[in-house]
Structure formats: structure tokens, C-alpha cells
Amino acid sequence: MNWGAQMPDGLPTEIDLTRPSAARVYDYFLGGAHNFEIDRQLAEQIASMTPNLAATMRSGREFLRRAVRVLLDAGIDQFLDIGSGIPTVGNVHEVAQAANPKARVVYVDIDPVAVAHSRELLAGNDLTGVIHADLREPERILAETRQLGLIDFSRPMGILLAGVVHFVPDADHPDAILATLRAAAAPGSFLVISHSTFEDQPQEMLDAQRLSARTDTEIALRSRAQVTGFFGDWTVLEPGVVHMPLWRPDSPSDVDEHPERFGAFGGVARYDQPAG
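Not measured: the values here are computed from a predicted model.

1. Observations concerning the overall build of the chain
- In terms of regular secondary structure, the chain is built from nine helices and eight strands.
- Looking at the chain as a whole, 52% of its 276 residues qualify as buried.
- Across the chain, every contact between residues at least 6 apart in sequence was considered, and the portion connecting residues at least 24 apart equals 69%.
- When the accessible area of the chain is evaluated, it comes to approximately 12,100 Å², of which 52% is carbon and sulfur surface.

This is the structure:
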């Protein structure tokens, strides 16, 4: 990509502002400032159908923060965050480096706007890196991550796939993609996944999620069993693959009577050294 040609606000000229971006819609729902009118229009249309969608996005971010803290407590100090979007307040590097100032984070996203903003926001933080790549090219992600030199693949790491695997259709073999990523990790590594589902969902939520077809990445809704399968033979931590608010909430009061309303499962698994 030619990063030399810039728009007035510093973004690459080749960014298509005539089509909404999933990363920028997500940024809008999180209260971020890195989105455009085309993104806000789609976000408002989706929100009109599912008024709690902004809360759903925040629930996903809160799940990711809780999972990162669990990994930090387990001694993980390096993270590969694929499908990271635009780093806003409370993102992975802030959570990780608040607990461990030496924690290293590599962000990966397919959206050039997300990548451009990430590089701008993270300028001067030598323990973070940003890669512009597609989850469907795991070998390239791994190769470029190694080139950055921030993550030591001989040591345990955290692979974070929060709200991104559902953008990979079955035709692109997400199981094989996950297997490639898992195979690159050292024993003691962790895998974090949150993924949209059709299980326990009202029709209006399903309709809103299908509006994702208007962005450059359509959502594939999957079952709990399918999401669990993405962890392969790694050890899934308690409480298993569950609706996101049910995964180790900070307080019982953080879980309302309908945790399924957020429309996504979350889970964390550990790569245990095989016996023998």
C-alpha cells in the first residue's frame, strides 16, 4: 500500500469513503471519533432495529478486557490482537501495560482506516506494532509479526480474536485458519475468541446482524459448538464458551437476567503441554 498519498486529515487517499467500514461502525458504537458519516448512517440504521446494540459492542469490549486481565494474571506479557479495529480508550495495550509496563502488543486489522489511525495513536509506544492484514492470511500475519520483533514465538503469548472470526465465511475455512494460528503458539499460550451467534436470539437481532452485508465484511452467525471447535484441542477455561457477560464477570451485578441479548459467545483456552 502506498502510504505516501494522504487526505487532509492524514488518512491514505485510497480509503473508500463511499462504503461503510465494519471497524468504523464498531468505533462509532464504542463512542470513538474515528468514523465517517457513511459509517454513522449505517450504525444508526442498525441501532434503530436493535436499540441495545451499542451496549452489545461495549459488552464485547468488556469481555476482552476481562480476558486480557486473566492472561496477565497467568503471566502472559505479549499479545497478538487480530481484528483489533481502532484502538480506543481501554484497548489491549492500555489494559496490558497498566498491569505490566513491559507488555508487548501487536495489532492486526484489515481496514486501512483502522490501521492508519492505530499507527497514529500508537506513535511513540515502542512496545506496540500495527499490521495491515486479513485474518484469512494467517501465514502472512505470523510472518509479519515475527518481522516486527515484538513477540517471541518461543514463549507463551495471547492470541486475541475478539469479534473477528465471524467475518470469515465457511467457504474461507475458518477452522484451518485457527489451526494455523494455534500451531504457531508455544505451550502455555492462550486463545481468546468472541463470536456472534444465532442461538437464543430474537429475529430483530438476526436482522440487524445481517445488515453487516452492507459493509465490506458480512457476519457469519455460528453455534456454541462451532465456536468451541475453533479452540481445537486446547483446554477451555471455566466457565466454558458462554454468552459474553457470563464469562468471569467482575461482579454478579454486572450480569442481568438476559445475558444472551448481546448475541455473542466468549471463551478462552490454554495450550497445555501434551503429556509424555
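2. Digging into the pairing of strand 1 (residues 78-82)
- Most of strand 1 is tucked away: five of the five residues are buried.
- Inspection of the sheet shows strand 1 paired to strand 2 (residues 104-109) by five bridges, in the parallel sense. Paired with Leu80 across the two strands is Val106, which belongs to strand 2.
- By the bridge criterion, three bridges tie strand 1 to strand 4 (residues 158-162) in an arrangement that is parallel. Pairing of Leu80 across the sheet is with Ile159, part of strand 4.

3. Some words on the environment of Phe29
- Tracing the backbone through its elements, the reader meets Phe29 in helix 1 (residues 22-29).
- Separated by eleven residues in sequence, Phe29 and Arg40 have C-alpha atoms that sit 8.9 Å apart.

4. Re the packing of helix 6 (residues 138-148) against helix 7 (residues 174-183)
- With their axes 9 Å apart at the nearest point, helix 6 and helix 7 run at an angle of 25 degrees to one another. Considering the angle they form, helix 6 stands roughly parallel to helix 7. Note that helix 6 runs across helix 7; the crossing there is right-handed. Residue-level contacts link Pro138, Glu139 and Leu142 of helix 6 to Ile177, Thr180 and Leu181 of helix 7.
- Residue classes in the contact of helix 6 with helix 7 are distributed as four nonpolar, one polar and one charged.

5. Quick look at the nonpolar core
- Ranked by size, the top nonpolar core spans 32 residues in total, and within it Leu80, Leu135 and Leu161 carry the most contacts.
- Of all the elements in the fold, those that place two or more residues in this core are strand 1, strand 2, helix 6, strand 4, helix 7, strand 5 (190-196) and strand 8 (264-270).
- Residues within four places of Leu135 in sequence aside, it is in contact with Ile82, Ile141, Leu161, Val164, Val165, Val168, Ile177 and Leu181.
- Among the nonpolar cores identified, the runner-up in size contains 29 residues, and Leu72, Tyr107, Ala162 and Val268 belong to it.

6. Considering the confidence of the model for the chain
- Averaged over all residues, the pLDDT of the chain is 86; the fraction at 70 or higher stands at 86%.
- A low-confidence stretch, residues 1-8 (pLDDT under 50), is modelled with 19 contacts involving residues beyond four sequence positions or located in other chains.

7. Digging into the side chain of Arg66
- Along the chain, the position of Arg66 falls in helix 3 (residues 53-73).
- Engagement of the side chain of Arg66 in a polar contact is seen with the backbone oxygen of Arg248, the distance being 3.2 Å.
- With residues near it in sequence (within four places) discarded, Arg66 still touches Met244, Pro245, Trp247, Arg248, Pro249 and Asp250.

8. Some remarks on the environment of Asp126
- Note that Asp126 resides in the loop between helix 5 (112-121) and strand 3 (128-132).
- Put simply, Asp126 and Arg104 are 22 residues apart on the chain and 8.7 Å apart in space, counted from C-alpha to C-alpha.

Rules used throughout
- Residues numbered from 1 in each chain as written.
- Predicted model: local features only at pLDDT ≥ 70, side-chain atom pairs only at ≥ 80, totals over all residues.
- Heavy atoms only, no water.
- Helix = DSSP H or I, 4+ residues; strand = E, 2+ residues; numbered from the N terminus.
- Buried < 20%, exposed > 50% of the residue type's maximum accessible area, 1.4 Å probe, protein only.
- Contact = heavy atoms within 4.5 Å.
- Areas by Shrake-Rupley, 256 points an atom, 1.4 Å probe, with all protein chains shown as cover.
- Pairing = 2+ DSSP bridges.
- Axes fitted to C-alpha atoms, helices over the stretch in contact; angles between N-to-C directions.
- Parallel < 35°, antiparallel > 145°, perpendicular 65-115°, else oblique.
- Left-handed = near helix turned anticlockwise from the far one by under 90°.
- Nonpolar A, V, L, I, M, F, W, Y, C, P; charged D, E, K, R; others polar.
- Core = buried A, V, L, I, M, F, W, Y, C linked by side-chain atoms within 4.5 Å.
- pLDDT = per-residue confidence, 0-100.
- Polar contact = N/O pair within 3.5 Å; in protein donor to acceptor, adjacent residues only side chain to side chain.

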